[in-house]
Amino acid sequence: MTDTDLARQVRDVSRLTGEFVLRSGRTATEYFDKYQFEANPELLDRLAEQLAVLIPEGTEVLAGLEMGGIAVVTALGRHAKLPCAFVRKQAKAYGTARLAEGAEVAGRRVLVVEDVVTSGGQVVISTEELRKLGAHVDHAVCVIDRQEGGAEALAKAGITLRALLTRADLEAAAA
């Protein structure tokens, strides 16, 4: 399967048009419903296989962000043979009361895994929290970069974003 084929498949299953409010508060007329590619086991597996190539050398833990990044990080961990941490938006008040469940992040090189990046806001917030826990985070990967300032916002926070697909890739796949 070529990158164009993969982009076409992701676009076909996940692209919606209409009016959508994004996490950043902005309104968009195009939305990529990530749950559609995350819920498709064959497509998710192909995405994870391709994402594995983007993992920086020396990564010790993959950290998936709640909620969409959890499916992606689980599939990616299988391909990369790396342990996973599941990162909440905020620590729960019961049980373990942890922000990051699963693999230990303190003192380890951690790669943040997200499904779709728009403004990069949640990746920046979660990275700050992981760093407070002692994680060394300087990279993030995502399935789709909407190319709306997320990579630049992450760079300002000392995070390099590696995207499997961009909005431009998905638009080109429509041709």
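The notes below deal with the structure included here. No experiment lies behind these values; they were computed from the predicted model shown. (Residues numbered from 1 in each chain as written. Predicted model: local features only at pLDDT ≥ 70, side-chain atom pairs only at ≥ 80, totals over all residues. Heavy atoms only, no water.)

**Brief notes about the nonpolar core**
Val10, Leu47, Leu62 and Ile144 are the most contacted members of the largest nonpolar core, which has 27 residues in total. Broken down by secondary-structure element, the contributors of at least two residues to this core are helix H1 (3-14), helix H3 (41-51), helix H4 (68-80), strand E6 (109-117), strand E7 (136-145), strand E8 (160-166) and helix H7 (167-173). Counting residues per element, this core draws most heavily on H3, at 5 residues. Leave out the neighbours within four places in its chain, and Leu62 touches Ile55, Val73, Leu76, Gly77, Ala80, Leu82, Pro83, Cys84, Ala85, Leu111 and Val113. Counting 22 residues, the second-largest nonpolar core is a separate cluster that includes Val105, Cys142, Ile159 and Leu161. (Core = buried A, V, L, I, M, F, W, Y, C linked by side-chain atoms within 4.5 Å. Buried < 20%, exposed > 50% of the residue type's maximum accessible area, 1.4 Å probe, protein only. Helix = DSSP H or I, 4+ residues; strand = E, 2+ residues; numbered from the N terminus. Contact = heavy atoms within 4.5 Å.)

**Considerations on the packing of H3 against H4**
Contact geometry of H3 with H4 gives a least axis separation of 8 Å together with a crossing angle of 60°. Considering the angle they form, H3 stands oblique to H4. For the crossing formed where H3 meets H4, the hand is right-handed. Contacts from Leu44, Asp45, Ala48, Glu49 and Leu51 of H3 reach H4 at Ala71, Val72, Ala75, Leu76, Arg78 and His79. Classifying every residue of the contact of H3 with H4 gives 7 nonpolar, 1 polar and 3 charged. (Axes fitted to C-alpha atoms, helices over the stretch in contact; angles between N-to-C directions. Parallel < 35°, antiparallel > 145°, perpendicular 65-115°, else oblique. Left-handed = near helix turned anticlockwise from the far one by under 90°. Nonpolar A, V, L, I, M, F, W, Y, C, P; charged D, E, K, R; others polar.)

Any functional reading would require information beyond the geometric quantities listed.
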